[in-house]
Amino acid sequence: MTLCFGSHVSIAGGVCNAIEHAERIGCDSFQIFVKPNRQWKLPNITDDDADFFYKKASGFSIYPVAHSSYLLNLASSNEATLCKSVDTLVAELEACDSLRIKNLVLHPGSHGGDGEDVGLQRIVDSLAVVFNRFSGKCNVCLELTAGTGFNLGYKFEHISWILKNGPAENLSVCLDTAHVFGAGYDISNEERYKEIESSFEDLIGWDNLKCLHLNDSKCKLGSRKDRHEHIGKGLIGLSGFENILSTCKNFKIPAIIETPKGKSDDSDKLNLKILREISCKV
Ligand SMILES: [Zn+2]
Ligand SMILES: [Zn+2]
């Protein structure tokens, strides 16, 4: 059992193109958007596409994950945005089901200034509506965020509260190293990391972790900002990845890089090589 390293790959030209790209980079797993991430409308996935995707994706060490659209906001105070977000999330979960993807990564949502408690309650209520309408197999995988603006999910306590009060059987968790660092968790310091590791276990539980996003950060610890950097080139540094991989190296889950893309695949290949080396070492 080992982490399945991979990259976020584009679905330009159809979901099946993503597979070829992931193979070219040498991924053990990968992540896709099920639709262009800044549009509400979902592309039509034909049965043939879905069958082809399933056959090819089954050849990876672990089946891929999907990431939901950045437009969704399950904590919105605007009725129209909230309805559209719920409708789109249901449609994305259905698309994941047709591709047999088990985890759809989602940023929990932004309360828009109405307060964290109000926002968290809206997220839980929205998830209840979503899973009333969607009875398939795909789970919503709540991603920890950097907490930019009014975004929730930047504290382990937020995710813990959603798991306790929401449809827990349909939920899982995604940890993004750049996000938690931006949120103020100093994963690069070994001593601080030990506390963070046990706090994650107490509040969320490592068993609930179904996806890892491995990104270095251009932004300072606690800046509440989120700009990704190549592995080892940012403010988290290699020591941070040594810490997190010492906990997770034997988890059989997708460990996805969302680092800046160059013109070629070289930077993705190098980032994955560095992470695999760290994982063998720790
Ligand atoms: Zn994300
Ligand atoms: Zn991420």
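Remember, it's a predicted structure, so these values are computed and weren't measured experimentally. (Residues numbered from 1 in each chain as written. Chains lettered and ligands numbered in written order. Predicted model: local features only at pLDDT ≥ 70, side-chain atom pairs only at ≥ 80, totals over all residues.)

Undergrad: Would you mind showing me how to read the packing of helix 8 (residues 237–248) against helix 9 (residues 266–281) here?
TA: The geometry of helix 8 relative to helix 9 is characterised by a closest axis approach of 9 Å and an angle of 55 degrees between their N-to-C directions. Between helix 8 and helix 9, the interaxial angle falls into the category oblique. Judged by the twist between their axes, the crossing of helix 8 over helix 9 is right-handed. For the pair helix 8 and helix 9, the contacting residues are Leu238, Phe241, Glu242 and Leu245 in the first and Leu275, Ile278 and Ser279 in the second. Its residues placed into classes, the contact of helix 8 with helix 9 shows five nonpolar, one polar and one charged. (Axes fitted to C-alpha atoms, helices over the stretch in contact; angles between N-to-C directions. Helix = DSSP H or I, 4+ residues; strand = E, 2+ residues; numbered from the N terminus. Parallel < 35°, antiparallel > 145°, perpendicular 65-115°, else oblique. Left-handed = near helix turned anticlockwise from the far one by under 90°. Contact = placed C-beta atoms within 7 Å. Nonpolar A, V, L, I, M, F, W, Y, C, P; charged D, E, K, R; others polar.)

Undergrad: How should I be thinking about helix 4 (residues 116–133) in this particular structure?
TA: Each α-helix turn comprises 3.6 residues. Residues three or four places apart therefore point the same way. Between its terminal C-alpha atoms helix 4 stretches 26 Å, which fits the 26 Å expected from 18 residues at 1.5 Å a residue. Among the residues of helix 4, Gly119, Leu120, Arg122, Ile123, Ser126, Leu127, Val130 and Phe131 are the ones counted as buried. The buried residues of helix 4 occupy an angular sector of 160 degrees when the element is viewed end-on, so they sit on one face. Opposite the buried face of helix 4, by more than 90 degrees, sit the exposed residues Asp117 and Asn132. Looking at the buried positions of helix 4, the neighbouring elements they touch are helix 3 (79–98), strand 5 (139–143) and helix 5 (156–165). (Expected span 1.5 Å × (residues − 1). Buried ≥ 20, exposed ≤ 12 C-beta atoms within 10 Å, placed from the backbone. Arc of directions from axis to C-beta.)

Undergrad: Explain the sheet that holds strand 2 (residues 29–33) to me, please; I cannot follow it from the model alone.
TA: The pairing of strands in a sheet comes from backbone hydrogen bonds and takes either a parallel or an antiparallel form. Taken together, the eight strands give a closed barrel; going around it, the order is 1-2-3-4-5-6-7-10, and neighbouring strands pair in parallel fashion. This sheet shows a mean twist of 30 degrees between the axes of neighbouring strands, independent of strand direction. Here helix 1 (residues 15–25) sits on the sheet and contacts strand 1 (4–8) and strand 2; the angle it forms with strand 2, its principal contact strand, is near 145 degrees. (Pairing = 2+ DSSP bridges.)

Undergrad: Can you help me understand unusual backbone geometry in this one?
TA: Across the chain, the bulk of peptide bonds are trans and the bulk of non-glycine residues have phi less than zero. Of note in this structure, arginine 100 is not a glycine but carries a positive phi near 60 degrees. The topology assignment puts arginine 100 in the loop between helix 3 and strand 4 (103–106). The class for arginine 100 is partly exposed, based on 17 C-beta atoms found within 10 Å. We note that arginine 224 has phi near 60 degrees; this positive angle belongs to a residue other than glycine. Considering the arrangement of structural elements, one finds arginine 224 in the loop between strand 8 (216–217) and strand 9 (228–229). Residue classification places arginine 224 among the partly exposed residues on the basis of 17 C-beta atoms within 10 Å.

Undergrad: What exactly am I supposed to notice about the environment of alanine 57 here?
TA: Along the chain, the position of alanine 57 falls in helix 2 (residues 47–57). Alanine 57 sits 111 residues away from alanine 168 along the chain, and the two C-alpha atoms are 27 Å apart. Contacts of alanine 57, omitting those with residues within four sequence positions, involve Ile19, Tyr63 and Pro64.

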